[in-house]
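# Inside the fold
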Amino acid sequence: MVFRRFFDRGSKEESPPAQDTVSDMETTDESAVEEELESGEPEVDAEQDDADILTRARAVLPMGTSTGSKRVEALYGSADSTGPTHFSQAVGCRVVDVDGNEYVDCTMALGAVALGYAEPNVSRAVADAIANGNVCGLADAREVDVAERLCGIIPCADKVQFLKSGAEAMAAAVRIARTYTARDLVIGSGYFGWLDWCSDEAAGVPKKTKDDFRRVAFDDVAALERAVSEAGDRLAAIAIEPVVERMPSTDWIQRARELATKTGAALIFDEMKTGFRLKTGGYQAFADVVPDIAAFGKAMANGFPLAAVVGDRDLMDASRKTWISSTLGGESVALAAAGAVLAWHDAGDVCGSLWTIGAELRRVLTGAIEASGVDGIAVDGIDPMWFLRFDDPAREQRFLELAASHGVLFKRGAYNFAALAHDEDAIREIERGASSALVDLRDEDASR
Ligand SMILES: Cc1ncc(COP(=O)(O)O)c(C=O)c1O
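Residues numbered from 1 in each chain as written. Predicted model: local features only at pLDDT ≥ 70, side-chain atom pairs only at ≥ 80, totals over all residues.

## Description of the overall build of the chain
Inclusion rule: Numbering of helices and strands starts at the N terminus; helices are DSSP runs of H or I of at least 4 residues and strands are runs of E of at least 2. Exposure is read from a count of other C-beta atoms within 10 Å of each residue's own; the residue is exposed at 12 or fewer, buried at 20 or more and partly exposed in between. C-beta atoms are placed from the backbone. Placing C-beta atoms from the backbone, we regard two residues as in contact once those atoms come within 7 Å.
On a plain count of helices and strands, the chain comes out with 19 helices and 14 strands. Relative to its full complement of 448 residues, the chain shows a buried share of 43%. Of the contacts made within the chain by residues no fewer than 6 positions apart, 73% connect residues no fewer than 24 positions apart.

## Quick word on the sheet that holds strand β5 (residues 185–189)
Where strands meet in a sheet, backbone hydrogen bonds hold them as pairs that are either parallel or antiparallel. Going by this rule: Here the rule is simple: two strands pair whenever DSSP picks up at least two bridges between them. Every axis corresponds to a line fitted to the C-alpha atoms, with the helix fit spanning only the stretch in contact, and the corresponding angles, defined between N-to-C directions, vary from 0 to 180 degrees.
One open sheet holds the seven strands; their spatial order is β4-β10-β9-β8-β7-β5-β6, and the pairing between them is mixed. In the strand order of this sheet, the two ends are held by β4 (159–163) and β6 (213–215), each with one partner. Adjacent strand axes in the sheet meet at a mean angle of 20° when their direction is disregarded. The pairing of β5 with β6 spans three bridges and is parallel.

## Here we look at helix α16 (residues 332–347)
We count it as follows: To estimate the expected span of a helix, count its residues, drop one, and scale the result by 1.5 Å.
With 16 residues, α16 should cover 22 Å at 1.5 Å per step; its first-to-last C-alpha distance of 22 Å lies within 8% of that length. The element α16 is largely enclosed, with a buried count of 12 among its 16 residues. If you follow the buried residues of α16, they end up packed against α8 (120–131), α9 (141–153) and α17 (350–372).

## Section: the site of the ligand
This is how the line gets drawn: Near residues are defined by distance alone, with the backbone-placed C-beta atom required to lie within 6 Å of the molecule or strand. Polar here means any residue other than Ala, Val, Leu, Ile, Met, Phe, Trp, Tyr, Cys and Pro, which are nonpolar, and Asp, Glu, Lys and Arg, which are charged; Gly is therefore polar.
Close to the ligand lie 14 residues; Ser165, Gly166, Ala167, Gly193 and Met272 are nearest. For the shell around the ligand, the element with the most residues is helix α10 (residues 166–181), which contributes three residues. Across the shell around the ligand, the residue classes tally to six nonpolar, five polar and three charged.

## Side note on the pairing of β5
Burial within β5 is extensive, with five of its five residues counted as buried. Side chains of β5 alternate between two faces, with Leu185, Ile187 and Ser189 and Val186 and Gly188 buried alike. Sheet topology places β5 next to strand β7 (residues 235–240); five bridges connect them, and they run parallel. Bridge pairing links Ser189 to Ile240 in β7.

## Remarks on the nonpolar core
So the rule is basically this: Linking buried Ala, Val, Leu, Ile, Met, Phe, Trp, Tyr and Cys residues through C-beta atoms within 7 Å yields a set, and such a set is a nonpolar core. The split of the chain into domains comes from an automatic or database domain assignment.
Counting 129 residues, the largest nonpolar core has Ala173, Ile238, Ala266, Ile268 and Ala337 as the members making the most contacts within it. No other element matches the 10 residues that α10 contributes to this core. The residue makeup of this core includes at least three contributed by each of domain 1 (68–117 + 350–446) and domain 2 (133–347). In this view, Ala337 contacts Val122, Ala125, Val126, Ala301, Asn302, Phe304 and Leu306; residues no more than four positions away in its chain are not counted.

## Section: the sheet that holds strand β13 (residues 408–409)
Read across the sheet, four strands follow the order β1-β2-β3-β13 without closing on themselves; strand pairing throughout is mixed. On the outer flanks of this sheet lie β1 (87–91) and β13, each paired with one strand and no other.

## Here we look at the confidence of the model for the chain
Convention followed: Every residue is assigned a pLDDT by the predictor, reflecting its confidence on a scale from 0 to 100.
Per-residue pLDDT for the chain averages 93, and the proportion of residues at 70 or more is 89%. Note that pLDDT drops below 50 for residues 13–20; the model gives that stretch four contacts with residues more than four away or on any other chain.

## What about unusual backbone geometry?
One non-glycine residue, Ala118, lies in the positive phi region at around 50°. Note on Ala118: 17 C-beta atoms within 10 Å, which makes it partly exposed. The phi dihedral of Glu245 is positive, around 70°, even though this residue is not glycine. Looking at the element boundaries, Glu245 is found in the loop between β7 and α13 (250–263). The exposure class assigned to Glu245 is partly exposed, which follows from the 15 C-beta atoms found within 10 Å.

## Some points on the pairing of strand β11 (residues 377–382)
Here six bridges tie β11 to strand β12 (residues 385–390), and the two strands are oriented antiparallel to one another. Residue pairing in the sheet places Val379 in a bridge with Leu388 of β12. Linking β11 back to β12 in an antiparallel pair, the connection comprises two residues.

## Comments concerning the packing of α9 against α16
Put simply, the test is: The crossing is said to be left-handed when, going from far helix to near helix, the turn is anticlockwise and less than a right angle, and right-handed when the turn is clockwise.
Interhelical geometry of α9 versus α16 gives an angle of 35° and a closest axis separation of 10 Å. Along this stretch, α9 crosses α16, giving a crossing that reads as left-handed. Where α9 approaches α16, its residues Arg142, Glu143, Asp145, Val146 and Arg149 are matched on the opposing element by Ser332, Leu335, Ala336, Ala338, Gly339 and Leu342. Of the residues in the contact of α9 with α16, the class split is five nonpolar, two polar and four charged.

## Overview of α13
Rules: Note that the arc is defined by the directions from the helix axis to the C-beta atoms.
With 14 residues, α13 should reach 20 Å at 1.5 Å per residue; the first-to-last C-alpha distance of 20 Å fits that figure. Within α13, the full set of buried residues consists of Trp252, Ile253, Ala256, Leu259 and Ala260. Buried residues along α13 cover an arc of 130° about the axis, so they all sit on one side. In α13, those exposed residues whose orientation departs by more than 90 degrees from the buried face are Thr250, Asp251, Glu258, Thr261 and Lys262. Buried residues along α13 sit in contact with α12 (221–231), β7, β8 (266–270) and α14 (283–287). Looking one or two residues beyond α13, the residue adopting positive phi is Gly264, at roughly 80°.

## Topic: the packing of α12 against α13
What counts here: These descriptions rest on fixed angle ranges, namely under 35 degrees for roughly parallel, over 145 for roughly antiparallel, 65 to 115 for roughly perpendicular, and the rest for oblique.
Running from amino to carboxyl end, α12 crosses α13 at an angle of 10°, the nearest separation of the two axes being 10 Å. In terms of orientation, α12 and α13 fall into the roughly parallel class. Contacts between α12 and α13 involve Val221, Leu224 and Val228 on the former and, on the latter, Asp251, Trp252, Arg255, Ala256, Leu259 and Thr263. Across the contact of α12 with α13, the residue classes break down as six nonpolar, one polar and two charged.

And the structure:
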């Protein structure tokens with residue numbers, strides 16, 4: 001029996017003799033699979049092998065990558081940029097690209113990683129989960145454990161449902177609000193992922209769906225009041241990404257809370273980036289404004305695919321009247337990763353450290369910009385999630401390429417994220433790389 005050795009692993013008793021019918025069906029040679037995995041190289045034909053990774057990616061992935069923010073044009077500002085695009089290793093805050101070049105990373109997987117890449121405790125918990133089988137037809141007890149722990153940490157959380165992506169968790173939050181209120185219109189401010197309900201500008205979304213979503217500007221009290229008044233008794237939810245480049249005014253957030261309560265709509269916070277970062281329990285724990293429902297993800301499982309919709313008991317129970325379900329929603333690997341992340345947050349003030357580390361990163365970069373005399377660049381945002389603001393997109397692209405050539409990766413047009421892995425050495429290297437890139441940029445500007 002070709003698969004005997006594999007199936008025998010983990011079985012306590014001797015396997016029954018193989019059925020002829022089963023062995024007749026087996027045609028795969030296990031050793032060939034092992035050989036390919038051990039070589040570390042998938043089989044590609046010779047022509048493909050000669051092409052660089054980006055050419056191959058563009059041939060088989062419509063955008064060149066499955067994540068919009070990882071397209072070359074998103075990374076650097078233009079499709080013909082020279083910066084690195086694919087990694088072979090990410091450990092701590094250090095990334096190695098497919099050509100073997102090393103970088104100190106400030107992007108931290110779009111905020112999905114706050115401890116550091118391949119953090120050993122998370123990796124151990126994940127390896128244990130894998131060794132015991134990461135999924136079966138029954139639920140994993142870790143689902144209950146992690147849900148209980150989230151309820152103890154997140155102010156609005158009485159109940160939890162796990163999903164895999166942030167977009168799914170926000171879609172579930174809105175579905176729950178619509179079910180509970182029996183209304184359809186949602187007012188939103190922020191980015192909530194790619195799904196139809198909030199894609200008011202994307203192609204391929206029915207007009208009817210777009211009509212049920214009204215976007216309002218961040219931190220604009222008058223716009224929010226107007227939208228709520230126009231929505232009348234159709235308003236199911238006000239969905240807010242609470243931090244966009246800066247903290248919102250207390251007025252705006254409190255007004256959103258009051259208006260939702262007054263109209264009987266649900267207040268939803270999207271805590272994808274703020275959860276496990278500003279405070280473990282998210283912006284709501286930081287600012288002391290409690291929504292009815294919230295969605296978490298990203299740093300909650302330090303880069304493993306897990307998201308959660310959490311909220312008030314009565315609202316969350318409305319999910320029993322509709323249908324929200326995912327085959328791999330309660331899959332063990334991501335839950336084990338979340339358990340390890342929660343242990344980190346139990347053991348110390350992870351978020352406090354992220355604020356301190358982020359403040360130091362911002363300080364050294366501000367200093368490097370000032371020392372270089374280069375203008376048109378500023379460090380903005382808040383300490384745990386900060387960004388570089390450029391007046392000129394062409395100079396932004398050139399700076400990002402130069403920084404990469406000096407061994408530092410920064411995110412274009414979006415946040416860089418502080419991580420525990422940004423230790424003193426890494427911060428000094430980031431400072432040096434940024435300074436060298438700025439000097440090169442200044443010299444290039446001068447020679448024009
Ligand atoms: C605030 C916010 N909400 C939702 C999402 C979507 O999350 P995902 O990409 O995991 O679906 C993101 C992703 O960047 C986000 O930043």
